[in-house]
Amino acid sequence: SQKIEQNSEALNIQEGKTATLTCNYTNYSPAYLQWYRQDPGRGPVFLLLIRENEKEKRKERLKVTFDTTLKQSLFHITASQPADSATYLCALDESGGYQKVTFGTGTKLQVIP
Amino acid sequence: DSGVTQTPKHLITATGQRVTLRCSPRSGDLSVYWYQQSLDQGLQFLIQYYNGEERAKGNILERFSAQQFPDLHSELNLSSLELGDSALYFCASSGRGTNEKLFFGSGTQLSVL
C-alpha cells in the first residue's frame, strides 16, 4: 500500500515569509493529490487538488506542485500570516480510483508574528 | 459549515460497551467516508461507502462496522470498546466523481473510560 510521508516536525516561520511543506509518497503515482488544512479539534478543510498531468496549481497565496518522477508534492504559502497556523495534510487515493483516500500525518505550521 | 453533520459531538462510555456514530452527508453527495484520528496515529481511513455499497476498506477492526442507508446517511458501530478506541471520529462526504474533494464533519469525540 502507499506510504505518505510528511515532515512530522513542526515548521516555524516568520510572518511574511514563504512556507514550503513537503509530501512524499511511495509506490505508484496517484492520479491526483489533495491538500487539506486542519485546525485543532476540527475536521480537515480542502484547499487544493492537483492532477498527475498538472505540474503546478495556484489559488490566491497557495501553490502546489506535483513531481511524479520524484514522487513528491510541495505546498507553498506565500506572504504567510499568523492565521495560516494550522496542520496541513496531503492526501491521495491509494486504490487507483476506488476512493480509498489516505492522508499523511500532516505538518504543523506555526507562523510567528 | 461543510454541510456534513455528525452526531453526537461527544460520547463518553465504558470499556466493553457499544456505541453508534451517525453521519449525514452533504445534500447530493453519494460517498461517505469514516476516519479515526488519535494523537499518535494521524487520520486513519476506516471505510468508504458509495450509494449504499461498501467501496473501499482500510484497517477497520472487526469490532467496528458501518453501513450507508437508502437516504445516504451512514452509521459507524463500535462494539466491545477498549481504552485505545478513544479518538476523534470523522465522517466525510464527496460527490459522484472519482477525483472529488472531501467535505468533513466536525467529528465525534469518543472517550472510553
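Predicted model only: the values in this text are computed from it and were never measured.

K.L.:
Tell me about the overall build of chain B, residues and numbers included.
P.N.:
Along chain B, the regular secondary structure elements total zero helices and eleven strands. For chain B, the sequential pattern of α-helices and β-strands runs β-β-β-β-β-β-β-β-β-β-β. Compactness check: chain B gives a C-alpha radius of gyration of 13 Å against a globular reference of 13 Å for 113 residues, within 12% of the reference. The buried share of chain B, taken over its 113 residues, is 51%. Pairs at least 24 residues apart make up 55% of the contacts formed inside chain B by residues separated by at least 6 positions. For chain B, the accessible surface area stands at approximately 5400 Å², while carbon and sulfur atoms represent 45% of it. Distance from the positive charge centre (9 side chains) to the negative charge centre (11 side chains) of chain B: 5 Å.

K.L.:
Please provide a residue-by-residue account of unusual backbone geometry, values included.
P.N.:
The linkage connecting Thr7 of chain B with the following residue, Pro8 of chain B, adopts the cis geometry, with an omega of -10°. By the secondary structure assignment, Pro8 of chain B is in the loop between strand S1 (5-7) and strand S2 (10-13). Its identity is not glycine, yet Lys71 of chain A carries a phi of approximately 55°, on the positive side. Among the secondary structure elements, Lys71 of chain A is positioned in the loop between strand S7 (62-67) and strand S8 (72-77). In this structure, Asn51 of chain B takes a positive phi of about 50° despite not being glycine. The residue Asn51 of chain B is located in the loop between strand S5 (42-50) and strand S6 (53-57) in this model. Taking relative accessible area as the criterion, Asn51 of chain B reaches 47% and is therefore assigned partly exposed.

K.L.:
Tell me what's going on with the state of the cysteines, and back it up with residues and numbers.
P.N.:
All names here are of chain B. Under the counting rule described, the total for this entry stands at two disulfides over all chains. One disulfide bridge connects Cys23 with Cys91, the sulfur atoms lying 1.8 Å from each other. Measuring the twist about the S-S bond at about -50°, one finds the Cys23-Cys91 disulfide to be left-handed. With a gap of 68 residues between them, Cys23 in strand S3 (residues 19-24) and Cys91 in strand S9 (residues 87-94) connect regions that are remote in the sequence. For the residue pair Cys23 and Cys91, the accessibility class agrees, reading buried in each case.

K.L.:
Tell me about the sheet that holds strand S1 (residues 4-6) of chain A, and please be specific about residues and values.
P.N.:
Residue and element names in this part refer to chain A. What the five strands build is an open sheet, ordered S1-S3-S8-S7-S6; its pairing is antiparallel. Strands with a single pairing partner mark the edges of an open sheet, and in this sheet they are S1 and strand S6 (56-59). On average, each strand axis in the sheet is tilted by 15° relative to the strand beside it, whichever way the strands run. In this structure, S1 lies alongside strand S3 (residues 19-25), joined through three bridges in antiparallel fashion. Its bridge partner being in S3, Glu5 is matched across the sheet by Asn24.

K.L.:
Pulling in residues and values, what's your account of the interface of chain B and chain A?
P.N.:
On the side of chain A, 18 residues touch chain B, which itself brings 22 residues to the contact. Carbon and sulfur atoms supply 56% of the area buried between chain B and chain A, which totals about 1600 Å² over both sides. Summed over the shared surface of chain B and chain A, the number is zero salt bridges. Seen at the junction of chain B and chain A, the total is four residue pairs in polar contact (both at pLDDT 80 or more). Among the secondary structure elements, those contributing two or more residues to the side of chain B that touches chain A are strand S4 (31-38), S5, S6 and S9 of chain B. Residue composition of the side of chain B that touches chain A, grouped by class: nine nonpolar, nine polar and four charged.

What counts as what
- Residues numbered from 1 in each chain as written.
- Chains lettered and ligands numbered in written order.
- Predicted model: local features only at pLDDT ≥ 70, side-chain atom pairs only at ≥ 80, totals over all residues.
- Heavy atoms only, no water.
- Helix = DSSP H or I, 4+ residues; strand = E, 2+ residues; numbered from the N terminus.
- Rg over C-alpha atoms; globule rule 2.2 N^0.38 Å.
- Buried < 20%, exposed > 50% of the residue type's maximum accessible area, 1.4 Å probe, protein only.
- Contact = heavy atoms within 4.5 Å.
- Areas by Shrake-Rupley, 256 points an atom, 1.4 Å probe, with all protein chains shown as cover.
- Lys, Arg positive; Asp, Glu negative; His and termini not counted.
- Charge placed at Lys NZ, Arg CZ, Asp CG, Glu CD.
- Disulfide = S-S within 2.5 Å.
- Pairing = 2+ DSSP bridges.
- Axes fitted to C-alpha atoms, helices over the stretch in contact; angles between N-to-C directions.
- Buried area = accessible area lost by both parts, 1.4 Å probe.
- Salt bridge = Lys/Arg side-chain N within 4 Å of Asp/Glu carboxyl O.
- Polar contact = N/O pair within 3.5 Å; in protein donor to acceptor, adjacent residues only side chain to side chain.
- Nonpolar A, V, L, I, M, F, W, Y, C, P; charged D, E, K, R; others polar.

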